[in-house]
Amino acid sequence: MSDIYDIVIVGGGPGGMSAGIYGSRSRLKTVILQKGRLGGQAATTEELENYPGFGRGTTGPELMQAMADHAESFGTEIVRDEVVDLSLNGDVKLLTTKSGQVYKAKTVILALGAEPRSLNIRGENKFRGKGVSYCATCDADFFEELDVIVVGNGDAAVEEAMYLTKFAETVTIIVIHDEGILDCNQASAEKAMANPKIKWVWSSVLQEVKGDGLVESVVIKNIKTGELTEMQINGVFFFVGTVPKTELLKGQVDLDEQGYVITNEQMETSVAGVYAVGDCRVKYLRQVVTAASDGAIAAVAADKYLAEEEDFKVRVLNVKEPVWVAFWAPQVEASINAIADLEQWVAKTGTNVKLVKIDTYRNQRLVERYAVDEIPSALLFHKGELISKLSGSFSPEDLDNQMNLAGF
Amino acid sequence: MIEVNKNNFEEEVLKADGLVMVDFWSPSCEPCKELMPSVHQLAEKYKGQAKFCSLDTAGNRRLSISQKVLGLPTIAFYRDGDKIAEITGEVAIEDVEAKLNELK
Ligand SMILES: Cc1cc2nc3c(=O)[nH]c(=O)nc-3n(C[C@H](O)[C@H](O)[C@H](O)COP(=O)(O)OP(=O)(O)OC[C@H]3O[C@@H](n4cnc5c(N)ncnc54)[C@H](O)[C@@H]3O)c2cc1C
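Each chain carries its own residue numbering, running from 1 in the written order of its sequence. Ligands are numbered from 1 and chains lettered from A, in the order in which they are written. Whole-chain, interface and lining totals are the exception, using all residues; otherwise, since this is a predicted model, local features are given only for residues with pLDDT of at least 70 and side-chain atom pairs are given and counted only at 80 or more. Side-chain numbers come from the whole structure's heavy atoms, not from hydrogens or water.

## Quick word on the overall build of chain B
Numbering of helices and strands starts at the N terminus; helices are DSSP runs of H or I of at least 4 residues and strands are runs of E of at least 2. On a plain count of helices and strands, chain B comes out with four helices and five strands. The C-alpha radius of gyration computed for chain B amounts to 12 Å, which stays within 12% of the reference 13 Å derived for 104 residues, consistent with globular compactness. Oriented by its inertia axes, the alpha-carbon framework of chain B measures out at about 30 × 30 × 20 Å. Burial classification: accessible surface area is computed with a 1.4 Å probe over protein chains only, and a residue below 20% of its type maximum counts as buried, one above 50% as exposed, and the rest as partly exposed. Burial statistics for chain B: of 104 residues in total, 52% are counted as buried. Where accessible areas are quoted, they stem from the Shrake-Rupley method and a 1.4 Å probe; at the residue level, only the protein chains shown are allowed to cover. Just so you have it, chain B exposes about 4,700 Å², and 46% of that area is on carbon and sulfur atoms. Positive charges come from Lys and Arg alone, negative charges from Asp and Glu alone, with His and the N- and C-terminal ends not counted. Charge positions are represented by NZ for Lys, CZ for Arg, CG for Asp and CD for Glu. Here chain B contributes 13 positive and 18 negative side-chain charges, whose respective centroids are spaced 4 Å apart. Only C-alpha atoms enter the radius of gyration; for comparison, a globular chain is expected to reach 2.2 Å times N to the power 0.38, where N is the number of residues.

## Re the sheet that holds strand β10 (residues 170–174) of chain A
Residue and element names in this part refer to chain A. We treat two strands as partners when DSSP finds at least two bridges between them. The sheet built from five strands is open, its strands ordered β8-β15-β9-β10-β11 with parallel pairing. Each edge of the open sheet carries a strand with a single partner, namely β8 (132–133) and β11 (198–201). Here four bridges tie strand β9 (residues 147–151) to strand β15 (residues 235–238), and the two strands are oriented parallel to one another. Paired with Val151 across the bridge in β15 is Phe238. Against the sheet, helix α4 (residues 155–164) makes contact with β9, β10, β11 and β15, and its axis sits at roughly 170° relative to β9, the strand it touches most. Here a residue-residue contact requires only that any non-hydrogen atoms of the pair lie within 4.5 Å. Here an axis means a line fitted to C-alpha atoms, over the contact stretch when the element is a helix, while the angle between two N-to-C directions is reported on a 0 to 180 degree scale.

## Details of α4(A)
Helical geometry: 3.6 residues make up each α-helical turn, so side chains three or four residues apart lie on a common side. All names here are of chain A. Within α4, seven of the 10 residues are buried, leaving the element largely enclosed by the surrounding structure. Residues of α4 that are buried include every one of Ala157, Val158, Glu160, Ala161, Met162, Tyr163 and Leu164, and no others. Packing partners of the buried residues in α4 comprise α3 (136–139), β9, β10, α5 (186–193), β11 and β15.

## With respect to the site of the ligand
Residue and element names in this part refer to chain A. Only heavy atoms are used to decide nearness, and a residue is near a molecule or strand if one of them lies within 4 Å of it. Around the ligand, a shell composed of 32 residues is seen, among which Gly15, Gln41, Asn50, Asp279 and Val288 lie nearest. Residues adjacent in sequence count toward polar contacts only when both atoms are side-chain atoms; beyond that, a polar contact is any pair of N or O atoms within 3.5 Å, and within protein one must be able to donate a hydrogen and the other to accept it. A distance of 3.3 Å is found between an oxygen atom of the ligand and a backbone nitrogen or oxygen belonging to Ala42. In this structure, Asp279 approaches the ligand through a main-chain N or O atom, which is 2.7 Å from an oxygen atom. If the ligand stood free it would expose 1,000 Å²; the protein chains cover 92% of that surface. Every element with two or more residues in the shell around the ligand is listed here: α1 (14–25), β2 (30–34) and α6 (288–317).

## As for the interface of chain B and chain A
Listed as interface residues are 22 residues of chain B and, on the opposing side, 29 residues of chain A. The junction of chain B with chain A conceals about 2,300 Å² of combined surface from both sides, 52% of it contributed by carbon and sulfur atoms. Of all residues in chain B, B:Glu34, B:Arg61 and B:Leu70 give up the largest surface area on contact with chain A, accounting jointly for 31% of the area buried on that side. We count a salt bridge whenever a side-chain nitrogen from Lys or Arg sits within 4 Å of a carboxyl oxygen from Asp or Glu. At the boundary of chain B with chain A, the tally comes to five salt bridges. Two residues, A:Arg80 and B:Glu34, come together in a salt bridge whose shortest N-O distance is 3.1 Å. Remark: the boundary between chain B and chain A carries 11 residue pairs in polar contact (both at pLDDT 80 or more). Elements with a minimum of two residues in the side of chain B that touches chain A: α2 (30–45), α3 (61–66), β5 (82–88) and α4 (93–103) of chain B. As a working definition, buried area equals the accessible area (1.4 Å probe) given up by two parts on being put together, with both sides summed.

## Overview of the UniProt feature "active site" (unreviewed entry) in chain B
Residue and element names in this part refer to chain B. UniProt positions are given in the numbering used here, feature names are shortened, and annotations may be inferred rather than shown by experiment. In the numbering adopted here, UniProt assigns the feature "active site" (unreviewed entry) to Cys29 and Cys32. Structurally, the position occupied by Cys29 is in the loop between β2 (19–25) and α2. Cys29 sits in the buried class, given a relative accessible area of 0%. Residue placement: Cys32 occurs in helix α2.

## As for the domain arrangement of chain A
All names here are of chain A. For each domain, the first and last residues come from an automatic or database assignment. With domains assigned, chain A is organised as domain 1 (4–116 + 242–312), domain 2 (132–238) and domain 3 (319–405). Centre-to-centre separation of domain 1 and domain 3, based on C-alpha positions: 37 Å. Taken together, the contact between domain 1 and domain 3 spans six residues of the former and nine residues of the latter. Regarding the contact of domain 1 and domain 3, the summed buried area is about 590 Å², with carbon and sulfur atoms giving 50% of it. Summed over the shared surface of domain 1 and domain 3, the result is four salt bridges. Linking Arg365 and Glu308 is a salt bridge whose minimum nitrogen-to-oxygen distance equals 2.5 Å. At the junction of domain 1 with domain 3, the criterion picks out two residue pairs in polar contact (both at pLDDT 80 or more). Gly counts as polar in this scheme, as do all residues outside two lists: the nonpolar Ala, Val, Leu, Ile, Met, Phe, Trp, Tyr, Cys and Pro, and the charged Asp, Glu, Lys and Arg. Residues belonging to the side of domain 1 that touches domain 3 are distributed by class as follows: three nonpolar, no polar and three charged.

## Structural notes on the nonpolar core
To define a nonpolar core, start from buried Ala, Val, Leu, Ile, Met, Phe, Trp, Tyr and Cys residues and group those joined through side-chain atoms within 4.5 Å. A:Val150 and B:Val22 are the most contacted members of the largest nonpolar core, which has 48 residues in total. Setting aside chain neighbours within four positions, we find B:Val22 in contact with B:Val4, B:Phe9, B:Val13, B:Cys53, B:Leu55, B:Thr74, B:Ile75, B:Ala76 and B:Tyr78. Listed in part, the 29 residues of the second largest apolar core include A:Ala43, A:Met64, A:Ile109 and A:Ala301.

Okay, structure coming up:
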């Protein structure tokens, strides 16, 4: 059993790292499975200046290395491997990796993140790595003394454009909006407008990337006039938002139309014991700080889930005597009375039958698992199996009958 | 791994017989540096089955561009001096190993 992890985290960006820190610090056996390089998207930007406590001059790779070291210092294992298959239903969840390993987990935290959206413009895919790029820090120095364009005008686009001006001769930003309107924060907008190396093309979209082996030009379309302009250029950087990396999860957990994982406040997905954090889930703000916050919440929720599951096993499923599990709720008076009766009945029947009370208000998961649709309800378990179920009111005779039927 | 640059690229890669794998990287490319230890392990594991080279594109920009490499990280495979395959963008070592096995 010792090869079963308490928490298997898929994805080593800020969401996964934070979950790792919280999980392993609570002494849970925790592993992060990460495809390729550590740190996720956050490790691809040189300018990461809004994570609390890490001000100007902080770089993404630095911050992510610090998070990885932090997680490892508490005992999180970090393994470089890609998860290619998941089996999430059931007590023990199985995760298969590209190298053929199968990881067993009591809980799973999905921190899959997002990847750059591609616009599927003619030439975009063909010239990937040939002048088309989604990572300024990776490729900027190729463009020393050359001219590049940036497509997009959100925070990432404008901030990366400024980084590119340290290398390129000119950086032209193609903006779909009217002159002067940008989607990025005001501080970045002002800085970019004041940067002499940055040029702007307003009310326009990219139509095509052209070249011969390497990018040579782009065709820009003015959306107001429909006019097409060809521009000689050496590099094209796309920062037009991201899409969640959740292909793997289709049919496994509930996703919204765009593929983001749907969770509640505790980061729980539609599957018990499975959580989702960071950029891959439905949320308002996708940043390092919110990914880290999600990770902390999920790890704490997973810890509580593990404790509750363990408790139910010890008190109900692994008990050799028959066990009545009574579902009640403090606000349902009938259930309080029913529980009192049940307690009396058990006391009379003797030590060869046990009673466990479940407050349905605090343990919704058991309510759903055993399809308890009325309060009070009493469920009889023996050796881990559900044997019978009494819903609504029940009398001492009902209890005797059920015991007789079950052969006790 | 053999360090290649503008002075020896022709000799070591373009005029070489058999399979050559070239890791294009640069000191400012974080994903490249992350990838590097596993590329070196791969070179060790498949020693003798292919030639493994490493090219720092800083200072060899023209050479990289002549090889149509304008994005990092890029892992390129050459056979008898012709480029036959390339992995670029999000490079995972698992994909590099799979490609190597396919080509060797
Ligand atoms: C250019 C750029 C600049 C940015 N600048 C800032 C900034 O200044 N401040 C800020 O707060 N935020 C910034 N962000 C946003 C920030 O990076 C993200 O919000 C954050 O990284 C999300 O973290 P995450 O853990 O959810 O996912 P990610 O960082 O995307 O990490 C997820 C990881 O999971 C891995 N993975 C996915 N599927 C699998 C699988 N099947 N098996 C194994 N591993 C898998 C991925 O490879 C990836 O490494 C920026 C983003 C970009 C692209």
